[in-house]
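Letter by letter, the chains look like this.
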There are 4 protein chains.
Amino acid sequence: MPMPTRREFIALAAGAGLAGAAGATAADTAAAARPSTRGRRERKARSLLISGATVIDGSADKPIEGQSVLIEGSRIKALGRRDELPVLSDTRIIDAQGKYVIPGLMNANVHLLADARLENLMRYAGRWEELIAEAAQVALKSGQTTVFDTYGPRRYLMTVRDRIAAGETVGSRIFCAGNIIGLDGPYSADFLTSTAEVASSALVNRVNAIWVENVGRRLMWLTPERVAQEVRVYIEKGIDFIKYASNDHVPGAFLAFSLEAQTAMVEEAHRAGLTAQAHTMSVEGLRIAIEAGCDIIQHPNITGPEPIPERTLESFARHKAGAAVFPITNKAYEHVMKTLAATARTMWSSADINVRNLIRSGAPLLLANDGAVFPPEFLTDPLVTRAWSVAPGEDNSIDLAKGHFYWFQAMEEKGCPPMEMLRAATRNIAVAYRRDKDLGTLEAGKIADVLILDRNPLQAAANYRSIHMILKEGEIIDRDALPATPMLTKPMEPPIEEERSYIPFLSKGR
Amino acid sequence: MPMPTRREFIALAAGAGLAGAAGATAADTAAAARPSTRGRRERKARSLLISGATVIDGSADKPIEGQSVLIEGSRIKALGRRDELPVLSDTRIIDAQGKYVIPGLMNANVHLLADARLENLMRYAGRWEELIAEAAQVALKSGQTTVFDTYGPRRYLMTVRDRIAAGETVGSRIFCAGNIIGLDGPYSADFLTSTAEVASSALVNRVNAIWVENVGRRLMWLTPERVAQEVRVYIEKGIDFIKYASNDHVPGAFLAFSLEAQTAMVEEAHRAGLTAQAHTMSVEGLRIAIEAGCDIIQHPNITGPEPIPERTLESFARHKAGAAVFPITNKAYEHVMKTLAATARTMWSSADINVRNLIRSGAPLLLANDGAVFPPEFLTDPLVTRAWSVAPGEDNSIDLAKGHFYWFQAMEEKGCPPMEMLRAATRNIAVAYRRDKDLGTLEAGKIADVLILDRNPLQAAANYRSIHMILKEGEIIDRDALPATPMLTKPMEPPIEEERSYIPFLSKGR
Amino acid sequence: MPMPTRREFIALAAGAGLAGAAGATAADTAAAARPSTRGRRERKARSLLISGATVIDGSADKPIEGQSVLIEGSRIKALGRRDELPVLSDTRIIDAQGKYVIPGLMNANVHLLADARLENLMRYAGRWEELIAEAAQVALKSGQTTVFDTYGPRRYLMTVRDRIAAGETVGSRIFCAGNIIGLDGPYSADFLTSTAEVASSALVNRVNAIWVENVGRRLMWLTPERVAQEVRVYIEKGIDFIKYASNDHVPGAFLAFSLEAQTAMVEEAHRAGLTAQAHTMSVEGLRIAIEAGCDIIQHPNITGPEPIPERTLESFARHKAGAAVFPITNKAYEHVMKTLAATARTMWSSADINVRNLIRSGAPLLLANDGAVFPPEFLTDPLVTRAWSVAPGEDNSIDLAKGHFYWFQAMEEKGCPPMEMLRAATRNIAVAYRRDKDLGTLEAGKIADVLILDRNPLQAAANYRSIHMILKEGEIIDRDALPATPMLTKPMEPPIEEERSYIPFLSKGR
Amino acid sequence: MPMPTRREFIALAAGAGLAGAAGATAADTAAAARPSTRGRRERKARSLLISGATVIDGSADKPIEGQSVLIEGSRIKALGRRDELPVLSDTRIIDAQGKYVIPGLMNANVHLLADARLENLMRYAGRWEELIAEAAQVALKSGQTTVFDTYGPRRYLMTVRDRIAAGETVGSRIFCAGNIIGLDGPYSADFLTSTAEVASSALVNRVNAIWVENVGRRLMWLTPERVAQEVRVYIEKGIDFIKYASNDHVPGAFLAFSLEAQTAMVEEAHRAGLTAQAHTMSVEGLRIAIEAGCDIIQHPNITGPEPIPERTLESFARHKAGAAVFPITNKAYEHVMKTLAATARTMWSSADINVRNLIRSGAPLLLANDGAVFPPEFLTDPLVTRAWSVAPGEDNSIDLAKGHFYWFQAMEEKGCPPMEMLRAATRNIAVAYRRDKDLGTLEAGKIADVLILDRNPLQAAANYRSIHMILKEGEIIDRDALPATPMLTKPMEPPIEEERSYIPFLSKGR
């Protein structure tokens with residue numbers, strides 16, 4: 001009975017769920033703000049006051065009660081007690097008494113076009129930018145005002161990034177890396193291998209080319225100098241940071257690049273004012289990526305059966321590399337232990353130990369979850385529900401709409417201090433990606449990305465869900481209007497007439 | 001190295017190229033004309049005279065020189081010498097001196113939506129009717145004024161059929177059967193098996209359901225009575241004739257239905273005023289289909305390694321079943337013998353013997369070729385060019401645009417008398433499908449489907465290509481305007497920028 | 001993760017478990033006894049008395065108490081009260097007071113070399129005859145004095161058959177059919193398809209040839225006359241009965257041969273004094289096999305989702321065809337319903353209905369179970385334990401050592417009268433295979449195959465397990481000595497040293 | 001049509017053909033001689049004189065004419081003009097006038113049990129040691145008196161090694177490494193992946209365990225310290241040198257171990273007095289292996305599409321690492337360029353450039369060829385003859401019986417000086433493996449492994465084939481008696497009777 005192989009669904013899950021995030025070391029802060037100002041159309045500066053809230057600004061060690069935030073145009077003008085602030089007559093007042101104000105959430109690892117299955121890419125041929133925009137709106141709607149896309153089709157991502165930056169499209173602010181340097185395309189051995197068996201050569205090649213360009217597996221054959229050369233060419237195409245594979249994608253224990261090659265890539269990125277990050281899957285892949293000088297490590301807690309040795313934890317903290325950890329909730333963990341094979345169980349057991357050790361290591365933690373949008377017919381497919389590494393039910397940690405909430409919950413369960421969690425979702429990400437001149441905290445002069453919550457997020461992780469209002473660049477987001485054009489978020493179509501009379505000879509799920 | 005399995009491309013080729021045609025025995029001739037009148041908008045009757053041609057009317061044993069054809073509205077008013085005909089002052093005169101006038105060609109086996117590969121169906125999701133219309137226009141442009149679709153998605157085919165019949169869309173007149181009763185859908189073991197490994201269960205089920213409805217493989221489990229019952233339900237959905245599988249699709253030697261079940265289906269069709277036909281692939285499958293009373297046998301010359309025994313040839317002629325033969329040209333035959341495996345060679349060797357024997361058998365021959373439209377990236381795919389049973393180059397016998405010309409050429413090579421060939425493409429098809437009240441010959445009262453050729457088709461098969469003018473229902477077809485919206489007939493897109501820098505790690509063709 | 005495909009393990013299970021048995025109509029009873037006398041070395045006639053038992057002779061409607069059985073040499077001399085019998089002074093007396101004496105059990109469908117997996121055939125290369133002998137000894141040890149092998153390598157089976165008949169090897173009496181006419185070999189699409197992907201072409205071809213010879217799938221292409229011709233050639237090789245495929249092996253709903261071809265084969269067998277039987281899997285396959293005149297139908301209760309129609313049940317009884325039913329116990333049924341997919345559940349649900357209907361139909365029932373010996377590493381393989389159609393635990397109905405006991409139990413659960421069950425395992429099989437001149441009942445003159453049980457088999461099916469003594473051809477079987485050379489019946493080897501330190505990267509069972 | 005996937009045959013070919021050799025740096029020369037003395041039974045010292053030959057001793061820069069070699073027992077006693085040597089009366093005289101005397105050839109990379117296909121391992125279950133002995137005899141017969149087995153089942157290899165060393169079995173002297181550290185077993189993703197789909201879990205696990213033990217892919221997850229620890233355990237099992245994977249096996253561009261882990265392993269080997277070597281497949285894998293201190297690099301010329309950079313060539317020479325190059329002849333090269341895909345062509349093109357560069361680099365060259373014995377039905381399998389990377393015809397470079405002759409021929413074609421070639425096959429290997437106290441040259445005190453050739457090997461590479469006599473440890477080898485028990489070297493069996501009548505339905509080769 002032909003059926004999607006488990007391995008491939010796992011690959012897909014892993015592709016969406018584990019294929020890392022972002023780290024930037026932009027020397028030039030002007031460059032850092034580039035996407036958010038480029039081509040922006042002029043608009044009259046609005047004035048707006050969030051009045052009388054408890055403010056957790058991402059910087060101070062404690063919440064400040066009775067604080068107000070004055071916004072002018074897209075930036076924060078000042079914070080303080082309402083009577084201290086220069087409020088104008090036409091300033092719009094938002095009464096935030098009893099509310100909690102925090103910086104807009106950031107996500108250090110999302111995939112805005114994660115569903116690269118043949119049927120999805122073809123169904124929406126010519127509309128990939130709309131898919132990306134939809135995902136950016138799903139992210140924004142759930143409080144994520146900035147997301148870092150760490151694997152996807154560069155050209156399409158950049159187009160949407162620029163449209164959002166220019167105010168032409170609403171959505172989460174996007175920074176993107178394009179391909180994971182060293183990996184091949186969606187229809188290669190790195191991801192959905194079997195697709196090449198049913199799709200035409202022309203299409204397979206085209207899709208892979210769009211994702212990979214000049215920085216695919218071929219680079220593994222080259223000397224460090226030539227690798228750096230190719231990375232330079234790729235950087236010039238306009239990406240915001242680079243991400244490379246320290247380990248392979250599956251099975252995860254091979255190294256894609258030597259320390260020399262990794263160092264050459266990181267230096268190339270830094271020379272261009274960008275940050276560099278690595279996809280790591282083993283303790284050696286992790287160690288080398290840190291030594292190479294990566295600004296951010298994606299899912300450092302995923303190290304196969306072997307927990308991170310103490311020495312590497314120390315190196316992590318010493319280098320101040322951002323740790324974009326992928327915890328899962330207790331509920332998801334139980335699901336894994338009950339349903340998956342020994343190999344997967346060992347892996348998640350180590351992953352859990354690693355998260356706890358990373359919390360106490362002193363390395364800056366970053367919220368990251370491979371956030372992605374998948375259509376309902378995928379998430380309910382018997383093969384996915386059986387093989388998905390993290391339960392696609394309530395605790396689906398890679399769901400772009402909710403996964404960050406599970407992240408907070410999981411980190412709370414693992415003992416992360418509340419203020420650390422908040423910083424992991426805001427300031428730490430801005431710092432690690434070198435976007436902290438504009439983003440990450442509520443301070444005068446910074447971009448006005450703000451969340452107003454009904455309940456105190458420092459009291460319980462679940463309170464991050466109590467979103468009262470979202471402001472991005474000083475504008476109130478109409479959450480009900482998002483996503484503007486539901487595509488993957490549409491509910492599943494009911495069976496058509498023909499399906500009622502059709503009885504498959506041998507069911508696919510057999 | 002993942003690659004489309006040969007078996008599957010062969011299956012696809014076979015699906016497109018060998019999955020039979022059509023046979024109708026409509027007792028009710030009113031029903032026979034149904035599609036062409038249903039919902040037609042009123043229009044003023046035009047008058048038109050084709051003047052002074054050599055007419056080969058499909059009925060007379062010889063061409064008639066200096067003959068004119070008078071058309072009024074959509075029908076032929078009269079034939080004769082110009083001075084004998086009641087030409088009006090506003091009659092449009094077409095000077096056909098030195099030309100050859102024949103009935104519009106018919107094709108007893110086409111597939112207007114043949115490319116059911118995942119990428120094609122998804123790329124054109126929501127536009128399948130346009131794909132069908134495009135194919136109907138390709139057929140018309142090349143002189144085929146009536147085509148019989150013998151395997152495809154019923155609902156979509158019927159919609160286009162009705163739009164063309166109503167004059168809302170230009171295109172070849174369509175009669176359709178929907179599913180081949182007894183076979184499962186495109187993404188099943190009968191066709192593109194591997195697709196179920198990469199597509200979601202929901203999609204696989206939906207596509208299969210659309211093609212199959214209640215008449216799939218499940219029927220093979222049932223008693224003859226219950227098979228007939230399901231066929232009755234299917235007929236009521238509005239198909240024009242039924243087609244069932246006497247043999248399986250691949251490998252071809254199994255029987256899908258017993259003589260009793262086949263007879264029950266044929267009787268069910270006849271009761272409803274429809275004709276019945278069978279997909280046969282072995283000498284036993286063929287014998288039983290004839291005994292069951294089929295009006296038409298699809299590709300009776302394809303019988304595996306074993307040529308048709310004399311007794312069955314006699315039975316064929318005695319039952320006057322239409323023989324929708326699939327000859328290939330000498331050039332294609334040489335290609336097969338040079339490139340394909342022993343099994344395929346034996347099969348085509350028998351097929352060749354069978355065609356020659358069928359020509360002399362006295363069974364009515366029908367032009368049929370599984371005519372289909374495939375996009376250029378499919379036809380140039382290395383796997384297709386290597387595995388295709390009949391060369392996809394010049395002599396691609398299943399090309400909807402040219403395959404019928406290869407049919408004439410091949411039959412000429414095999415010694416078929418010229419007038420037999422012309423009838424096989426016109427009158428014989430009309431008779432076998434019980435559409436001869438309206439179609440198939442140039443006679444007063446019949447629908448005015450007419451081809452004007454520059455050269456004499458009875459002199460050389462190649463002369464069928466010399467189309468000067470096509471009239472369908474009395475209207476001159478603007479061939480240059482077809483197809484109106486090129487989709488599959490568009491030329492291949494040039495490589496995009498990303499493809500120039502992308503180097504696959506291991507090429508798919510390896 | 002590479003893993004044995006479910007489909008293939010199911011195929012294997014089905015191959016072992018559903019690939020039917022045997023039916024013979026030997027006109028010539030001399031021929032019928034052939035294997036049991038051929039080449040037998042002379043030996044002095046022993047005399048033996050089973051004294052004072054309750055005898056259920058397979059013929060009388062009721063048990064006869066206080067009955068003794070006098071055996072001389074290999075045959076029964078007389079039955080009666082002890083004092084009526086001509087017991088000699090040197091007659092060995094077996095005191096059977098309180099015991100139950102029944103004819104030796106027969107099994108209408110076994111596979112003595114069922115495990116055709118590459119590793120098994122190669123591990124025992126050159127020793128296949130020993131494997132067959134081992135199986136014949138497993139059968140004998142559990143009370144089956146005669147077995148009918150309905151699918152296997154003809155030449156090897158015949159050799160062991162003849163050795164046992166000649167008294168050179170101990171074991172159950174064998175009658176064999178060789179290949180199932182119309183099916184291809186073990187490493188073809190009919191059975192273990194994937195093996196051809198890892199084995200050399202030479203080996204694949206050789207193994208398939210050994211099983212298939214001239215009567216494989218090729219016959220499906222031929223006319224009935226030519227099919228019969230090939231069958232004649234095959235019969236001359238010395239098989240005991242013929243078995244052909246009415247339906248295909250998997251998926252089961254296609255017909256392999258038309259009624260004409262089936263009739264021609266049956267007639268060919270009868271002409272040679274052999275019985276004919278069919279492998280059927282659908283209601284149409286079953287109906288045609290009965291009409292073709294088959295003496296025995298294998299697993300007539302397996303008809304896919306559709307129960308046997310009343311008309312076919314009547315035809316069954318009218319033709320007096322032997323019904324070699326394959327019931328499963330309630331426990332196995334529950335296992336199926338809990339673990340298998342919808343398709344399999346529907347199939348087993350119909351199978352259950354069919355068994356009950358066949359019991360009341362009047363058709364002669366035959367005990368049959370695809371009895372086979374598999375090594376422990378196969379039966380404990382995760383993929384087998386998950387996919388096996390009938391639980392490989394306690395109720396593994398195809399286990400050659402115990403499956404017949406499950407058969408009795410299942411038939412009891414389904415309401416079969418106790419005496420019918422006993423006859424199904426003795427007289428009915430002898431009659432259906434036309435071996436009743438020598439076998440099947442305890443009557444003077446018949447071969448002395450006898451079972452002495454501790455408990456009454458007519459009281460409870462479980463009592464068939466209470467074997468006290470087995471006599472075959474008048475000789476007491478030393479059950480403890482069987483099998484003489486354990487091969488597949490050896491217990492699983494403990495892990496070797498290397499396995500303790502080896503940790504697979506990704507476990508096969510993932 | 002199921003068929004051995006190309007990828008797997010290529011994997012097999014690569015496994016046999018490219019999976020490297022051996023390098024030992026035994027500090028302790030006693031240990032170095034261990035296998036050749038251990039358990040040897042006492043025997044009276046024979047005396048033997050090779051008289052009047054041209055001696056090319058592997059050490060001197062020029063041949064010495066009119067030279068004699070005096071052997072006593074297993075060692076060379078003296079060399080010189082005959083009249084200078086202390087010849088005894090019972091010394092056996094071998095007249096070598098006009099002949100050429102060279103050291104016994106050594107091969108730095110063979111696989112004595114290379115054919116791990118399921119059918120081979122199972123067919124010879126219980127006889128693997130005989131297979132290894134047969135290969136050792138094939139090697140010896142063709143002039144290879146010492147071979148280094150660089151990948152195989154450790155326990156079995158050591159047993160045969162010890163038996164040969166003890167004089168119990170005749171054959172080439174064996175040194176062995178067991179598993180390639182870091183690779184998984186024969187039935188894993190590293191080699192014959194599909195086998196796990198048809199073999200039982202128990203068997204797959206057992207075979208993999210026998211090859212892998214504690215040093216498989218699992219080590220890639222560990223820290224360098226823990227890797228070294230496992231290697232220590234493995235060394236204690238009695239191997240002669242270690243070999244680890246610097247690159248993966250297929251596709252070849254990933255790194256299995258970091259520089260730190262590689263260094264740790266090399267140090268571990270050196271600490272135990274063993275040499276260390278690496279399997280490399282890319283320029284980075286090669287560079288790191290040299291830096292880690294490897295004594296030998298296997299197939300350094302195989303570096304994917306990218307030739308070795310100058311800097312690495314220099315490092316090679318500086319470290320004096322042994323370069324076990326794998327050249328192919330011009331004829332084989334043309335075959336590759338004509339028949340293989342672009343990827344393979346690029347690879348072989350770089351391989352060719354690399355060999356030429358390595359010749360001029362100054363690195364010590366070693367003869368090595370993955371020498372293996374395969375049975376004829378494998379070598380003639382259509383899939384092998386089509387996919388094999390180096391033609392299995394005349395120029396099959398990995399044939400253990402002839403591959404070393406092709407090596408000489410290929411090196412000659414690429415411009416290697418004749419004396420360099422001779423040393424590559426003798427002294428260089430002894431030095432690189434630290435066995436030069438006993439082996440590699442013709443010097444007084446060394447083990448008397450001697451080849452007498454009819455023609456001058458320095459004049460033409462082809463002259464290595466002109467073997468007149470082989471002495472191993474002072475004993476004349478009876479070449480005609482080898483191999484003693486042909487197994488894989490047996491000619492192919494003729495078709496059996498059944499194969500003549502069997503016609504496969506669809507041929508495997510389709």
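Residues numbered from 1 in each chain as written. Chains lettered and ligands numbered in written order. Predicted model: local features only at pLDDT ≥ 70, side-chain atom pairs only at ≥ 80, totals over all residues. Heavy atoms only, no water.

S.K.: Any chance you could explain the overall build of chain A here in plain terms?
M.R.: Along its length, chain A carries 19 helices and 15 strands. Buried positions account for 66% of the 510 residues belonging to chain A. Across chain A, contacts joining residues at least 24 apart in sequence account for 76% of those joining residues at least 6 apart. If you sum the accessible surface of chain A, you get close to 16,200 Å²; carbon and sulfur atoms cover 51% of it. (Helix = DSSP H or I, 4+ residues; strand = E, 2+ residues; numbered from the N terminus. Buried < 20%, exposed > 50% of the residue type's maximum accessible area, 1.4 Å probe, protein only. Contact = heavy atoms within 4.5 Å. Areas by Shrake-Rupley, 256 points an atom, 1.4 Å probe, with all protein chains shown as cover.)

S.K.: What is the right way to look at the sheet that holds strand 12 (residues 322-324) of chain B in this model?
M.R.: Pairing between the strands of a sheet is mediated by backbone hydrogen bonds and can be parallel or antiparallel. Residue and element names in this part refer to chain B. The sheet built from four strands is open, its strands ordered 9-10-11-12 with parallel pairing. Both outer strands of the open sheet, strand 9 (241-245) and strand 12, are each paired with one neighbouring strand and no more. Ignoring which end each strand starts from, the neighbouring axes of this sheet average 20° apart. Alignment of strand 11 (residues 296-298) against strand 12, held across three bridges, turns out to be parallel. Residue pairing for strand 12: Ile-296 is matched across the bridge by Gly-322. (Pairing = 2+ DSSP bridges. Axes fitted to C-alpha atoms, helices over the stretch in contact; angles between N-to-C directions.)

S.K.: Any chance you could explain the interface of chain A and chain B here in plain terms?
M.R.: A common way to state how big an interface is: give the accessible area lost once the parts meet. Taken residue by residue, the interface counts 55 residues in chain A and 55 residues in chain B. For the chain A and chain B pair, buried surface summed over both sides reaches about 5,000 Å², with 56% attributable to carbon and sulfur atoms. Counting the contacts that link chain A with chain B gives six salt bridges. Among the salt bridges present, the one from Arg206(B) reaches Glu493(A), with a minimum N-O distance of 3.1 Å. Taken together, the connections running from chain A to chain B amount to 16 residue pairs in polar contact (both at pLDDT 80 or more). Residue assignment for the side of chain A that touches chain B shows that the elements contributing at least two residues are helix 3 (118-123), helix 6 (195-198), helix 7 (201-212) and helix 19 (497-501) of chain A. Take the side of chain A that touches chain B: its biggest share by element is 10 residues, from helix 7 of chain A. Classifying every residue of the side of chain A that touches chain B gives 26 nonpolar, 10 polar and 19 charged. (Buried area = accessible area lost by both parts, 1.4 Å probe. Salt bridge = Lys/Arg side-chain N within 4 Å of Asp/Glu carboxyl O. Polar contact = N/O pair within 3.5 Å; in protein donor to acceptor, adjacent residues only side chain to side chain. Nonpolar A, V, L, I, M, F, W, Y, C, P; charged D, E, K, R; others polar.)

S.K.: When you look at the pattern of salt bridges in this model, what are you seeing that I'm missing?
M.R.: Two side chains that carry opposite charge are able to pair once their charged atoms sit near each other. A complete count under the given rule lists 134 salt bridges over all chains for this structure. Between Glu119(A) and Arg117(A) there is a salt bridge whose closest N-O contact spans 3.5 Å. Summarising the burial analysis for this pair, Glu119(A) and Arg117(A) share the class buried. Linking Asp352(B) and Lys414(B) is a salt bridge whose minimum nitrogen-to-oxygen distance equals 2.8 Å. Here the residue Asp352(B) occupies a position in helix 13 (residues 342-361), and Lys414(B) occupies one in the loop between helix 16 (403-413) and helix 17 (418-424), the gap between them amounting to 62 residues. Connected via shared salt-bridge partners are Glu260(A), Glu284(D), Arg287(D) and Glu291(D).

S.K.: Is there a simple way to explain the pairing of strand 1 (residues 47-55) of chain C in this structure?
M.R.: Each regular strand displays side chains that alternate between the two surfaces of the sheet. Residues and elements named next belong to chain C. Within strand 1, nine of the nine residues are buried, which leaves the element mostly enclosed by the surrounding structure. Judged from the six bridges that link them, strand 1 and strand 2 (residues 64-72) form a sheet pairing that is antiparallel. Looking at the pairing, Leu-48 lines up with Ile-71 of strand 2. Of the strand pairs in this sheet, strand 1 and strand 5 (residues 100-103) are connected by two bridges, and their pairing is parallel. Looking at strand 5, one finds that Thr-54 is bridged to Tyr-100.

S.K.: Sorry, what's going on with the packing of aromatic side chains here?
M.R.: By convention here, two paired aromatic rings are described through the distance between centres and the angle between planes. A full pass over the atoms with the stated rule returns 42 aromatic pairs over all chains. Pairing Phe148(B) with Phe175(B) gives two aromatic rings, centres 5.0 Å apart and planes at 15°, and the pair type is stacked. Of this pair, Phe148(B) sits in strand 7 (residues 144-149) while Phe175(B) sits in strand 8 (residues 173-176), placing them 27 residues apart in sequence. Owing to a relative accessible area of 0%, Phe148(B) belongs among the buried residues under this scheme. Since its relative accessible area comes to 1%, Phe175(B) is described here as buried. Aromatic ring contacts, followed pair by pair, group Phe148(A), Phe175(A), Phe241(A) and Tyr433(A) into a single cluster. A cation over an aromatic ring shows up here: Arg465(B) above the ring of Tyr406(B), its NZ or CZ 5.3 Å from the ring centre. (Phe/Tyr/Trp six-rings, centres within 6.5 Å; stacked < 30°, edge-to-face > 60°. Lys NZ or Arg CZ within 6 Å of the ring centre and 35° of its normal.)

S.K.: Help me understand the sheet that holds strand 12 (residues 322-324) of chain A in this model?
M.R.: All names here are of chain A. The parallel open sheet is built from four strands, whose spatial order is 9-10-11-12. If you trace the sheet from one side to the other, it starts and ends with strand 9 (241-245) and strand 12, each paired once. Adjacent strand axes in the sheet meet at a mean angle of 20° when their direction is disregarded.

S.K.: Hey, could you run me through unusual backbone geometry in this one?
M.R.: Phi is mostly negative for residues that are not glycine, and the peptide bonds are mostly trans. Note that the residue after Val250(A), namely Pro251(A), is joined by a cis bond; omega there is 0°. Mapped onto the fold, Pro251(A) is located in the loop between strand 9 and helix 9 (259-271). Positive phi is not limited to glycine here, since Lys320(B) has a value of about 55°. Mapped onto the elements of the fold, Lys320(B) is located in the loop between helix 11 (310-319) and strand 12.

S.K.: Looking at this structure, how should I read the state of the cysteines?
M.R.: Put plainly, a disulfide is one covalent bond tying together the sulfur atoms of two cysteines. All names here are of chain B. One pass over the structure, following the stated rule, counts zero disulfides over all chains. Free of any disulfide, Cys-176 has its nearest cysteine sulfur in Cys-294, 18 Å distant. The buried category is assigned to Cys-176, whose relative accessible area is 0%. (Disulfide = S-S within 2.5 Å.)

S.K.: What's the story with the confidence of the model for chain A in this structure? I'm lost.
M.R.: Detailed reading of the predicted coordinates is not advisable wherever pLDDT falls low. Residues and elements named next belong to chain A. Of all residues in chain A, 89% attain a pLDDT of 70 or more, and the chain-wide mean is 90. Per-residue pLDDT stays below 50 along residues 1-42; that stretch engages in 162 contacts with residues further than four places along the chain or on separate chains. Both scores are given for the predicted complex: the pTM is 0.92, the ipTM 0.91. (pLDDT = per-residue confidence, 0-100.)

S.K.: I would appreciate a short explanation of the relation of the copies chain A and chain B in the present structure.
M.R.: In screw terms, the move from chain A to chain B is a rotation of 180° and a rise of 0.0 Å along the axis, fitting with an RMSD of 0.0 Å. In symmetry terms, the pair is related by a two-fold rotation axis. Same-surface contact between copies: 100% of interface residues of chain A are shared with the interface of chain B. (Least-squares fit on C-alpha atoms with pLDDT ≥ 70 in both.)

S.K.: Please explain the packing of helix 12 (residues 330-339) of chain C against helix 13 (residues 342-361) of chain C as it appears in this structure.
M.R.: Two measures define how a pair of helices packs: the angle their axes make with one another and the distance between the axes. Residue and element names in this part refer to chain C. Their axes nearest at 8 Å, the elements helix 12 and helix 13 cross at an angle of 155°. Classified by the interaxial angle, the pair formed by helix 12 and helix 13 is roughly antiparallel. Remark: the crossing between helix 12 and helix 13 carries left-handed chirality. Between helix 12 and helix 13, the residues in contact are Tyr-333, Val-336 and Met-337 and Ala-344, Arg-345, Trp-348, Ser-349 and Asp-352, respectively. For the contact of helix 12 with helix 13, a count of residues per class yields five nonpolar, one polar and two charged. (Parallel < 35°, antiparallel > 145°, perpendicular 65-115°, else oblique. Left-handed = near helix turned anticlockwise from the far one by under 90°.)

S.K.: What should I look at first to understand helix 4 (residues 128-141) of chain D in this one?
M.R.: Residues and elements named next belong to chain D. With 14 residues, helix 4 should reach 20 Å at 1.5 Å per residue; the first-to-last C-alpha distance of 20 Å fits that figure. Counting buried positions along helix 4 gives 11 out of 14 residues, so the element sits mostly inside the fold. Here the buried face of helix 4 lies against helix 3 (118-123), strand 7 (144-149), helix 5 (154-165), strand 8 (173-176), helix 7 (201-212) and strand 14 (467-472). Backbone geometry just after helix 4 places Gly-143 at a positive phi near 95°. (Expected span 1.5 Å × (residues − 1).)

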